Amino acid sequence: MAVIIDGKAVSQRIREEIRQEADALTAKGIHPGLAVIIVGDDPASRIYVNNKKKACAQCGIHSEEFSLSADTTENELLELIHTLNARQDINGILCQLPLPRGFNEDVIINAIDPKKDVDAFHPGNVGGIMLNKYSFLPCTPAGVMELLKAVNTQIAGKRAVVVGRSNIVGKPMALLLLHADATVTICHSKTAGLTQICREADILVAAVGRANFITSDMIKPGAVVIDVGMNRDENGKLCGDVDFAAAEKVASALTPVPGGVGPMTITMLLKNTVTAAKNQIENAGARVARPVGI
Ligand code: GUN
């Protein structure tokens, strides 16, 4: 039977470290601050935003919510982002997605100062991940790497398969595994021979968005299986992309849904916010320290 990877416990341990870092910064007079923007009244977004604010409070991070009605114009939202970009007490800016119809999400993401882009969605930060030179990692793939580390998964030289090619999970996930020296395959809806490819994986990451998509015949015996999915089954119950009951009998380690990757995503957001605060202090210091005229 697989070891169940407890995302809540790993998350709690990392949050304690984040709290210590945030407290140390606060003691020096820099209280890390996150601005959370929500536009409209999407119920799922409301839950995510509330959870992010609660997690900030738990870790000693100041959070400020900016709740805008769905009829806000794109220019009004851009103005808010410009104001937050300029505020020294705000180190991270997050605009909860999806935005209501009529907003161009690319325009909004591009407007966030990359140094405050704690989601790592800005093209500048996305490029940094490609080059393995970055300040922030996107929260979900970074959380998956922490979970792999927590169960001492050997990554170098192993076969990793990522099912899903989204910009915020599948693609960066594949790059992080590649940077950790795995041999990586990305699969998607048009992949031929998906079952066979998945069965070759020592590390299988499912980020498809379909309940029970990964069945036990797609899992190599002894594989580590990470389930990024967040779906509702036919009874409305939260479930991942992996058929958990079947996978548990084949995998060596497996994340549950809920309680696996989910808590890690928010934890990595907190970590990025503290990193942003530290980087902004260093940059400010460098500017001050630079001799006049050079
Ligand atoms: N909507 C769903 N997940 C996310 C996330 O990680 N960041 C933002 N900004 N919006 C989301």
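Please read all numbers here as calculations on a predicted model, not as lab measurements.

Each value, and the rule that gives it
Residues numbered from 1 in each chain as written. Predicted model: local features only at pLDDT ≥ 70, side-chain atom pairs only at ≥ 80, totals over all residues. Heavy atoms only, no water. Buried < 20%, exposed > 50% of the residue type's maximum accessible area, 1.4 Å probe, protein only. Helix = DSSP H or I, 4+ residues; strand = E, 2+ residues; numbered from the N terminus. Contact = heavy atoms within 4.5 Å. Lys, Arg positive; Asp, Glu negative; His and termini not counted. Salt bridge = Lys/Arg side-chain N within 4 Å of Asp/Glu carboxyl O. Near = heavy atom within 4 Å. Polar contact = N/O pair within 3.5 Å; in protein donor to acceptor, adjacent residues only side chain to side chain. Pairing = 2+ DSSP bridges. Axes fitted to C-alpha atoms, helices over the stretch in contact; angles between N-to-C directions. Arc of directions from axis to C-beta. Core = buried A, V, L, I, M, F, W, Y, C linked by side-chain atoms within 4.5 Å.

Caption draft 1: Structural view of helix H7 (residues 170–179). Summarising burial for H7: 7 of the 10 residues are buried, a large majority. Regarding H7, the residues found buried are Gly-170, Pro-172, Met-173, Ala-174, Leu-175, Leu-176 and Leu-177. On its buried face, H7 is in contact with helix H5 (123–131), helix H6 (139–150), strand S5 (159–163), strand S6 (183–187) and strand S7 (203–206). Among the residues trailing H7, Asp-181 stands out with phi positive, at a value near 75°.

Caption draft 2: Region of interest: the environment of Cys-59. Among the structural elements, Cys-59 can be located in the loop between helix H2 (43–58) and strand S3 (62–68). Taking the relative accessible area as the measure of exposure, Cys-59 reaches 0% and is therefore buried. Between the alpha carbons of Cys-59 and Arg-19 there is a distance of 4.3 Å; along the sequence they are 40 residues apart.

Caption draft 3: Fine view of the side chain of Asp-117. Mapped onto the elements of the fold, Asp-117 is located in the loop between helix H4 (105–111) and H5. Buried charged residue Asp-117 carries no salt bridge. Nearest counter-charge: Lys-52, at 11 Å.

Caption draft 4: Local environment of the site of the ligand. Taken together, Lys-52, Leu-94, Cys-95, Gln-96, Leu-97, Asp-119 and Phe-121 make up all the residues around the ligand. Cys-95 is positioned with one of its backbone polar atoms (N or O) 2.9 Å from a nitrogen atom of the ligand. Here a nitrogen atom of the ligand and a side-chain polar atom of Asp-119 are 2.7 Å apart.

Caption draft 5: How the structure looks around the environment of Tyr-134. With respect to the helices, strands and loops of the structure, Tyr-134 is situated in the loop between H5 and H6. Under the relative-accessibility criterion, Tyr-134 is labelled partly exposed at 39%. Put simply, Tyr-134 and Ala-120 are 14 residues apart on the chain and 9.2 Å apart in space, counted from C-alpha to C-alpha. Setting aside residues up to four positions removed in sequence, Tyr-134 forms contacts with Gly-128 and Ile-129.

Caption draft 6: The arrangement of the sheet that holds strand S4 (residues 92–95) in detail. Here we have 3 strands laid out as an open sheet, ordered S3-S2-S4, and parallel in their pairing. Strands with a single pairing partner mark the edges of an open sheet, and in this sheet they are S3 and S4. Pairs of neighbouring strands in the sheet enclose a mean axial angle of 15°, with direction left out of account. As paired elements, strand S2 (residues 33–39) and S4 share 4 bridges and run parallel to each other.

Caption draft 7: How the structure looks around H5. For H5, the complete set of buried residues consists of Asn-125, Gly-128 and Ile-129. Angularly, the buried residues of H5 cover 100° about the axis, an arc narrow enough to put them on a single face. Residues of H5 that are exposed and angled more than 90 degrees away from the buried face: Met-130 and Leu-131. Summarising the contacts, the buried residues of H5 are in contact with H7. Just downstream of H5 lies Asn-132, where phi reads positive at about 60°.

Caption draft 8: Representation of the nonpolar core within the structure. Counting 52 residues, the largest nonpolar core has Ile-61, Leu-148, Leu-177, Val-205 and Ile-226 as its most contacted members. If you tally residues by element for this core, the top one is helix H10 (residues 261–289), at 9 residues. Every residue in contact with Ile-61, bar those within four places of it in the chain, is listed here: Ile-18, Ala-22, His-31, Pro-32, Leu-34, Cys-56, Leu-270, Thr-273 and Val-274. Counting residues in hydrophobic clusters, the runner-up holds 18 residues, among them Val-161, Met-218, Ala-223 and Val-242.

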